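# Per-entry structural report
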Amino acid sequence: MVINKNKKKPAFTLIEVVVILLISSLGIMASLSLAIRSAYFQNIKKDLVTVIFLASEGAEIMANIRDTNIITERDYNDWEWTGSYSGETDYTVDYSTLLCSAVSSVDETVLQQNDSGFYLHDTDYEDSIFSRMVVIQTETDYTVVESKVDWQNRGNSYNYVVETILYDLSF
């Protein structure tokens, strides 16, 4: 039996190597693109969760003010504790004071985040990306409350609105 030492071993050609590198790089680029998009949407969803809580908090604060007014025998719609109100007004509200402050524009409604991570209207802290304005429309027997939160992320503007109706529960 004679062994042929000159027989060539199978090897990859240059074209095959280039094709393998091309396919591998496309797979890596697709994976990176997916990871970047996933991080972007995770950031958007994190902001959305915060916004949902901020908008709901605005509506709940107004309900709390209404309930406090009823308990203290004020008019249910005495939002600034200056007397009954009818019409439409824009307000800022905070959980820490439970007071409404009338505003003339959305620029006055930027929320700041304190050291504990809570959002409020306090100039002692740095501005956040969120603005919250509560719009009150008082009718005869009820009040429509719209808690609006606006924010910007990566050059895109977003907004979220929670609307509820508060009734005069005083008897």
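Attention in this report is confined to the structure presented alongside it. (Residues numbered from 1 in each chain as written. Predicted model: local features only at pLDDT ≥ 70, side-chain atom pairs only at ≥ 80, totals over all residues. Heavy atoms only, no water.)

## What to know about a nonpolar patch on the surface
Taken together, the side chains of Tyr 142, Ile 165, Tyr 167, Leu 169 and Phe 171 present a nonpolar region at the surface, about 590 Å² in accessible area. Considering the arrangement of structural elements, one finds Tyr 167 in strand S7 (residues 156-167). (Patch = residues over 30% accessible without salt bridge, like charges linked within 9 Å, V, L, I, M, F, W, Y side chains within 5 Å. Areas by Shrake-Rupley, 256 points an atom, 1.4 Å probe, with all protein chains shown as cover. Salt bridge = Lys/Arg side-chain N within 4 Å of Asp/Glu carboxyl O. Helix = DSSP H or I, 4+ residues; strand = E, 2+ residues; numbered from the N terminus.)

## A short note on the pattern of salt bridges
Where charged atoms from two side chains of opposite charge come close, those side chains can pair. Taken as a whole and assessed by the stated rule, the structure comprises four salt bridges. Among the ionic pairs, Glu 57 bridges to Arg 132, the shortest N-O distance being 2.7 Å. Placement of the pair is Glu 57 in helix H1 (residues 14-71) and Arg 132 in strand S5 (residues 127-138), with a sequence separation of 75 residues. Accessibility expressed as a relative area gives 24% for Glu 57, which makes it partly exposed. Classification of Arg 132 as buried rests on a relative accessible area of 1%. In this structure, Arg 66 engages Asp 67 in a salt bridge whose closest nitrogen and oxygen atoms are separated by 2.8 Å. Residue classification places Asp 67 among the partly exposed positions, given a relative accessible area of 32%. (Buried < 20%, exposed > 50% of the residue type's maximum accessible area, 1.4 Å probe, protein only.)

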